[in-house]
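Reading the structure
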Amino acid sequence: AGRFAQLNRWEADLVERRLAIPSGPPPAPLLQVSVVANGSKLWFAIATAMALRPGLRRAAYEGVVAVLLATGTTQVLNRLVDRPRPPADSPARRALPHQPTAPSFPSSHTAAATAFTTAVARRNPRIAAALAPLAGTLAYGRVRLRAHWPTDVLGGVVLGVGAGRLARYAATAICSACSRTRR
């Protein structure tokens, strides 16, 4: 906690004073998007809907692989970095039905959203363009809800882009391995 004290103070000032992001209760849609995205459920649901359309199955598959890569990596980084979250005493944070307890860096919600959108963009840019505002809303919401610091969200974006780009190769490797075991 001590090693992040100066950075946390700087980011708290950034959020509260410079960016003037409200700390009061959040708008209901912002809260709902954040809650639905817990455990990547939002992205898995979207992938399921996409997989029902034959032309979108590979994009859905690569999106799921990207989410799994991103969230797995965030779990490891959370433990290695062990950055504390913003204080839980703001009305925005208290609006969350379940308080996050894992370390703060990087944002898993943001990493999953960015990874899914990035992976889908390679196969279907139009669907990704529709998903991008949702991913952006989720990323903003993590700071607005005081669940993450801005650099946690930025780290989630960077990690998500990397996972989304790697998903193509990982998905191909998984498909190859599966076809070899069926022979």
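Residues numbered from 1 in each chain as written. Predicted model: local features only at pLDDT ≥ 70, side-chain atom pairs only at ≥ 80, totals over all residues. Heavy atoms only, no water.

Things to note about the side chain of R83
Within the secondary structure layout, R83 lies in the loop between α4 (57-81) and α5 (91-94). Within polar-contact distance, the side chain of R83 engages the side chain of N8 at 2.7 Å. Within the structure, R83 has its side chain in polar contact with the side chain of D152 (distance 3.0 Å). Dropping the residues within four chain positions of it, R83 is found in contact with F4, L7, N8, E11, P103, S104, F105, W149, T151 and D152. (Helix = DSSP H or I, 4+ residues; strand = E, 2+ residues; numbered from the N terminus. Polar contact = N/O pair within 3.5 Å; in protein donor to acceptor, adjacent residues only side chain to side chain. Contact = heavy atoms within 4.5 Å.)

Concerning the nonpolar core
Ranked by internal contacts, the top residues of the largest apolar core, which has 19 residues, are W43, I46, M50, F116, V120, L131 and L138. Put simply, the parts of the chain that give this core at least two residues each are α3 (41-51), α4, α6 (108-123) and α7 (125-144). By residue number, the principal contributor to this core is α3, which donates five residues. Discounting residues that sit within four places of it in the chain, L138 has contacts with V33, S34, A37, W43, H109 and A113. By size, the runner-up hydrophobic cluster in this structure holds 10 residues, among which are A70, A115, A163 and A167. (Core = buried A, V, L, I, M, F, W, Y, C linked by side-chain atoms within 4.5 Å. Buried < 20%, exposed > 50% of the residue type's maximum accessible area, 1.4 Å probe, protein only.)

Comments concerning the packing of aromatic side chains
Counted according to the given criterion, the structure contains one aromatic pair. Their ring planes at 40 degrees and their centres at 5.6 Å tell us that W43 and F116 sit as a pair that is tilted. Placement of W43 in helix α3 and of F116 in helix α6 is noted, with a sequence separation of 73 residues between them. Accessibility expressed as a relative area gives 0% for W43, which makes it buried. Judged by relative accessible area, F116 falls into the buried class, the value being 0%. (Phe/Tyr/Trp six-rings, centres within 6.5 Å; stacked < 30°, edge-to-face > 60°.)

Function-wise, these values are silent; they only describe arrangement.
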